[in-house]
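# Examining the three-dimensional arrangement
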Amino acid sequence: MAEHDGRERAGMTTPAVSIGLPVYNGEAFLARALDSLLAQTFADFEIVVSDNASTDATAEICAAYAERDPRIRYHRHARNGGAAANYNFTVEMARGAYFKWMAHDDLVAPGFLQTCMDAFARAPESVVLSFTKVCWVGVDDEVLKYYDVPIPWDGRDVRSRVASLLRDRVHSFLHHPYALFGLIRTETLRQTRLIQSFHSADRVLLLELALRGDFLELPEYLFYRRMHEGNSVLGRNKSAKDVARWYDPRRRPVLVAPRTNLFFEYGKSLLRAPIPLADKLTCARTLSGAVKRDWRILGRELETGVRQMLSPSG
């Protein structure tokens, strides 16, 4: 693995915030993403760029930015290990007490980090994640939509938080797990399984964080999610199998039942959570209620998956 570490070159101290930027062939939007990070009013951060063996101009862009700003640490992998491993590598390399993931094609407003850090300064220790509202933008940074679906949230205790996440498929942070691109306590994040190599692994991670602490959604629209044909969900990955391979290209899934597997992984996360047994039992009842609610979807999914598995075309 090649590394271009500006921080070590400059002898800088440990930052307050680590920003993990995993990328693969991101030449179209990467420079804009880095510019938006370097424009932050809160400046005590490092950017860990993890390049998944890109074949376009990504390496040249990253090297140029790392030369320009010592807060950027650039790592280039010898082969493409998949999105999950690339995301998790940035957490492994993080030095800050707080961590943020940044997709190579997204943007953040200049006040994003300062707003989230100020929120943590006012919040109790039970808060493990602070994030702002999200705005969808297009290829030319034009505003497409302010995502303003009301999300009822009760963070009083772990039972309430799990109930809030599993309440339905739309009015929940799990529907579009943009909160994962907020600011997270690094220590708490490392207690989870991070991003695993299966469909909707980001939703499972969000549940694992909720099992460990409260979330704080801030009212400002300071996170800009780019919607374009090269997006990992909208463009490149058309099927559940495509998404599975995006997470880990070494996988050759035979039966892909994403919703069924999602509930299974929720259950695994609940079992390993550091919470009292009574809370686990209550959360398990909430999870079983969500399974019963979606039983028709689960049945159709398994039926379709088995049919595809047994068909001659695979």
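Residues numbered from 1 in each chain as written. Predicted model: local features only at pLDDT ≥ 70, side-chain atom pairs only at ≥ 80, totals over all residues. Heavy atoms only, no water.

### Things to note about the confidence of the model for the protein
Applied cut-off: Each residue carries a pLDDT score, the predictor's own confidence in it, on a scale running from 0 to 100. Contact between two residues is taken to exist if any of their heavy atoms lie within 4.5 Å; hydrogens are not considered.
Confidence in the prediction of the protein, expressed as mean pLDDT, is 89, and 82% of residues score 70 or more. pLDDT under 50 marks residues 6-10. Its contacts with residues more than four places away, or in other chains, come to 20 contacts.

### Section: the pattern of salt bridges
Which entries qualify depends on this criterion: Any carboxyl oxygen of Asp or Glu within 4 Å of a side-chain nitrogen of Lys or Arg constitutes a salt bridge here. Counting from the N terminus, the helices are the DSSP runs of H or I reaching at least four residues and the strands are the DSSP runs of E reaching at least two. Partly exposed describes any residue whose relative accessible area lies between the buried limit of under 20% and the exposed limit of over 50%, with all areas from a 1.4 Å probe on protein chains only and scaled to the type maximum.
Throughout the structure, instances matching the rule amount to 15 salt bridges. Across the salt bridge formed by Glu-125 and Arg-185, the nearest N and O atoms sit 4.0 Å from each other. Here Glu-125, found in the loop between helix 5 (112-122) and strand 7 (127-137), pairs with Arg-185, found in strand 9 (residues 183-185); they are 60 residues apart in sequence, far enough to count as distant. Using a relative accessible area of 65% as the deciding quantity, one classes Glu-125 as exposed. Arg-185 sits in the buried class, given a relative accessible area of 12%. The partner of Glu-208 in a salt bridge is Arg-272, with the nearest N and O atoms 3.4 Å apart. Of this pair, Glu-208 sits in helix 8 (residues 201-210) while Arg-272 sits in helix 11 (residues 258-272), and the two are 64 residues apart along the sequence.

### Some remarks on the pairing of strand 8 (residues 143-147)
Keep this limit in mind: Should DSSP find at least two bridges between two strands, the strands are taken to pair.
In this sheet, strand 8 lies alongside strand 7 in antiparallel orientation, the contact comprising four bridges. Among the inter-strand pairings, Val-134 is bridged to a residue of strand 8, identified as Tyr-147. The turn linking strand 7 back onto strand 8 is made up of five residues, and Asp-141 within it adopts a positive phi angle of 70 degrees.

### With respect to empty space enclosed by the protein
Empty space among the atoms becomes apparent when a probe as large as a water molecule is rolled across them. Here is the rule: For each structure, a 1 Å grid was placed over the protein atoms alone; sets of points admitting a 1.4 Å probe that cannot get out are labelled cavities, open sets with protein on both sides within 12 Å along at least five of seven lines are labelled pockets, and lining residues have an atom within 4 Å of a point. Grid points are joined across faces, edges and corners, and a volume is the space filled by probe spheres set on the points. Throughout this entry, Asp, Glu, Lys and Arg are counted as charged residues, while Ala, Val, Leu, Ile, Met, Phe, Trp, Tyr, Cys and Pro are counted as nonpolar. The remaining residues, Gly among them, count as polar.
Throughout the structure, instances matching the rule amount to two cavities of 30 Å³ or more. Counted as a void, the largest cavity has a volume near 140 Å³. Around the largest cavity sit 14 residues that line it, and Val-134, Tyr-147, Phe-173, Tyr-178 and Glu-217 are the ones nearest its centre. Contributing elements (two or more residues each) for the lining of the largest cavity: strand 7 and strand 10 (214-226). Of the residues that constitute the lining of the largest cavity, the class distribution is nine nonpolar, three polar and two charged. Empty space within the second largest cavity amounts to approximately 40 Å³. Along the lines of polarity and charge, the residues of the lining of the second largest cavity split into eight nonpolar, no polar and no charged.

### As for the layout of surface pockets
Roughly 200 Å³ of internal volume is contained in the second largest pocket. Lining the second largest pocket are 13 residues, with Asp-168, Arg-169, Arg-203, Arg-259 and Leu-262 sitting closest to its centre. Counting residues per element, the lining of the second largest pocket draws most heavily on helix 11, at four residues. Considering only residue class, the lining of the second largest pocket consists of six nonpolar, one polar and six charged.

### Here's the deal with the side chain of Thr-115
The topology assignment puts Thr-115 in helix 5. Apart from the residues within four sequence positions on either side, Thr-115 is in contact with Leu-218, Glu-220 and Leu-222.

### Considerations on the packing of helix 2 (residues 30-38) against helix 3 (residues 58-68)
Defined as follows: Helix axes are fitted only over the stretch in contact, all axes being lines through C-alpha atoms; the angle between N-to-C directions runs from 0 to 180 degrees. Reported orientations rely on four angle classes, namely roughly parallel under 35 degrees, roughly antiparallel over 145, roughly perpendicular from 65 to 115, and oblique for the rest. Rotating anticlockwise by less than a right angle from the far helix to the near helix defines a left-handed crossing, while the corresponding clockwise rotation defines a right-handed one.
Two elements in contact, helix 2 and helix 3, have axes whose closest approach is 10 Å; the angle formed by their N-to-C orientations is 20 degrees. By the angle between their directions, the pair helix 2 and helix 3 is classed as roughly parallel. Relative to helix 3, helix 2 is oriented so that their crossing is right-handed. Here Leu-30, Ala-31, Leu-34, Asp-35 and Leu-38 of helix 2 come into contact with helix 3, specifically with Thr-58, Ile-61, Cys-62, Tyr-65 and Arg-68.

### Focus on the environment of Ala-179
Looking at where Ala-179 falls in the secondary structure, it is placed in the loop between helix 6 (158-165) and strand 9. For Ala-179, a relative accessible area of 3% corresponds to the buried category. Through-space distance from the C-alpha of Ala-179 to that of Arg-203 is 9.9 Å; in sequence the pair is 24 residues apart. Among residues more than four places away in sequence, those in contact with Ala-179 are Leu-129, Phe-131 and Leu-206.

### Section: the nonpolar core
The test is simple: Within this scheme, the nonpolar core is defined by two criteria: the residues are buried Ala, Val, Leu, Ile, Met, Phe, Trp, Tyr or Cys, and they are joined through side-chain atoms within 4.5 Å.
Formed by 84 residues in total, the largest nonpolar core has its most connected members in Val-17, Ile-47 and Phe-215. Ranked by residue count, the leading element in this core is helix 8, at seven residues. Phe-215 has contacts with Val-128, Leu-129, Phe-131, Trp-153, Leu-165, Phe-173, Leu-206, Leu-209 and Ala-210, leaving out every residue within four places of it along the chain.

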